[in-house]
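The chain contents come next:
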Amino acid sequence: MKVGVFDSGVGGLTVLKELLKELNSAEFIYYGDSFNSPYGTKTIEDIQKLCYKISEFLIDKDVDLIVIACNTATVASLDYLKEKFPTLPIIGVINPGATMALRESKNKKIGVLSTPLTAKTNAYKNAIQNLNESYEVYQQGCELLCPMIEKGWKDTEESHNILKNYIEKLPKDIDTLILGCTHYPYLEEKIRAIAQCTIVNPAKETTRLVGEQLKKLKSVANLKNYNKISYYVTGDLENFITVGEQLLDQKMVDVHKI
């Protein structure tokens, strides 16, 4: 079974990392569109065009399923891509993250750190309140975080203060915080130390859904016990490998520049 995973850059590798932990019976093809990163400041129409092109690339590689490992791309193009490719299972990260946050929150007050576009479109607020309208959802767009991680996060006083400033714009009484950008799990421990609440990484629930879908596509008994990964990147190959290996905690081989 082949699973295509894509993101605007290296962030989706945090989703791939969870997939690799739980699914040892699939071949993964990862596409990092770092040349066009970040997606969070682009128009929905531009993001849809980029995601369509990426999906065509992955389909040409004979993938059985696509994971949109990017919150912004999920917001802009999940429904669009499902309409364009109706026979191909496509899974985004917004609804899984919303479902997980509902399970975790006790006081029904949930915060979201995301890109500006994800926050502007009320993606998580709508997803959560569609499931249970009694929950309060507070969203904070973080324009600087994704580019800082994409280039390689530096632990400086300035970067700490930027992160702290975004978190402190959320109400202090939230008990659950969604990492609403797939780049942000790289900063999970730093975010946890500042926010001091339950942290939700949507990649975990997304992985569960992918596993369920793979079982529907083909019985587990017929799956080989291995993981093969190939990477394709549109931007700086050396930077992608350097930052990507930090995110994955493993060496990256079979990496290709598009």
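Draft legend 1. The arrangement of the nonpolar core in detail. Formed by 28 residues in total, the largest nonpolar core has its most connected members in Leu 13, Leu 16, Phe 28, Tyr 231 and Phe 240. Of all the elements in the fold, those that place two or more residues in this core are strand 1 (2–7), helix 1 (13–22), strand 2 (25–32), strand 3 (65–68), helix 10 (202–217), strand 9 (226–233) and helix 11 (237–248). The contacts of Phe 28, once residues within four sequence positions are left out, are Val 3, Val 5, Leu 16, Leu 19, Leu 20, Leu 23, Asn 227, Lys 228, Ile 229 and Ser 230. If you look at the next biggest cluster of nonpolar residues, it comprises 22 residues, including Phe 6, Leu 58, Cys 70 and Leu 88.

Draft legend 2. Highlighting the pairing of strand 1. With 5 of 6 residues buried, strand 1 lies mostly within the body of the structure. Two strands pair when backbone bridges link them, and strand 1 and strand 2 are joined in this way by 6 bridges, in the parallel orientation. Paired with Phe 6 across the bridge in strand 2 is Tyr 31. Across 4 bridges, the pairing between strand 1 and strand 3 is parallel. Bridge pairing in strand 3 places Val 3 opposite Leu 65.

Draft legend 3. View of the packing of aromatic side chains. This structure, assessed with the given rule, holds 6 aromatic pairs. Between Tyr 52 and Phe 85 the ring centres are 5.3 Å apart and the planes differ by 20 degrees, which places this aromatic pair in the stacked class. Taken together, the residues Tyr 52 in helix 2 (residues 44–60) and Phe 85 in the loop between helix 3 (71–84) and strand 4 (90–91) connect sequence positions 33 residues apart. On the basis of relative accessibility, which here comes to 28%, the residue Tyr 52 falls in the partly exposed class. Owing to a relative accessible area of 14%, Phe 85 belongs among the buried residues under this scheme.

Draft legend 4. Focus on the pairing of strand 5 (residues 109–114). Counting buried residues in strand 5 gives 5 out of 6 residues, a clear majority hidden from the surface. Where strand 5 and strand 6 (residues 136–141) come together, 6 bridges link them in parallel fashion. Bridge pairing in strand 6 links Val 112 to Gln 139. Where strand 5 lies against strand 7 (residues 176–180), 5 bridges are found, and the strand directions are parallel. Each residue of the ladder has a partner; that of Ile 110, found in strand 7, is Thr 176.

Draft legend 5. The packing of helix 4 (residues 94–104) against helix 6 (residues 123–131), seen in detail. For the pair helix 4 and helix 6, interaxial distance at closest approach is 9 Å and the crossing angle is 55 degrees. One way to sum up the angle between helix 4 and helix 6 is to call them oblique. Note that helix 4 runs across helix 6; the crossing there is right-handed. Across the interface between the two elements, Ile 94, Asn 95, Gly 97, Ala 98, Thr 99 and Leu 102 from helix 4 touch Ala 123, Tyr 124, Ala 127, Ile 128 and Leu 131 from helix 6. Classifying every residue of the contact of helix 4 with helix 6 gives 8 nonpolar, 3 polar and no charged.

Draft legend 6. Main features of the state of the cysteines. Throughout the structure, instances matching the rule amount to 0 disulfides. Left unpaired, Cys 70 is separated from the closest cysteine sulfur, that of Cys 181, by 6.6 Å. Residue class for Cys 70 comes out buried when judged on its relative accessible area of 5%. Of all cysteine sulfurs, the one in Cys 181 lies closest to Cys 146, which takes part in no disulfide; the gap is 4.6 Å.

Draft legend 7. Quick peek at unusual backbone geometry. Here Ser 37 and Pro 38 are connected by a cis peptide whose omega angle stands at 0 degrees. Position of Pro 38 relative to the elements: it lies in the loop between strand 2 and helix 2. Look at Asn 122: it is not a glycine, yet its phi comes out positive at around 55 degrees.

Draft legend 8. Structural context of the packing of helix 1 against helix 10. Two elements in contact, helix 1 and helix 10, have axes separated by 9 Å at closest approach and are oriented at 50 degrees. Viewed along their axes, helix 1 and helix 10 adopt a mutual orientation that is oblique. The two elements helix 1 and helix 10 meet at a crossing, and its hand is right-handed. Between helix 1 and helix 10, the residues in contact are Thr 14, Val 15, Glu 18, Leu 19 and Glu 22 and Ala 203, Lys 204, Thr 207 and Val 210, respectively. Tallied by class, residues from the contact of helix 1 with helix 10 come to 4 nonpolar, 2 polar and 3 charged.

Rules used in this analysis
Residues numbered from 1 in each chain as written. Predicted model: local features only at pLDDT ≥ 70, side-chain atom pairs only at ≥ 80, totals over all residues. Heavy atoms only, no water. Core = buried A, V, L, I, M, F, W, Y, C linked by side-chain atoms within 4.5 Å. Buried < 20%, exposed > 50% of the residue type's maximum accessible area, 1.4 Å probe, protein only. Helix = DSSP H or I, 4+ residues; strand = E, 2+ residues; numbered from the N terminus. Contact = heavy atoms within 4.5 Å. Pairing = 2+ DSSP bridges. Phe/Tyr/Trp six-rings, centres within 6.5 Å; stacked < 30°, edge-to-face > 60°. Axes fitted to C-alpha atoms, helices over the stretch in contact; angles between N-to-C directions. Parallel < 35°, antiparallel > 145°, perpendicular 65-115°, else oblique. Left-handed = near helix turned anticlockwise from the far one by under 90°. Nonpolar A, V, L, I, M, F, W, Y, C, P; charged D, E, K, R; others polar. Disulfide = S-S within 2.5 Å.

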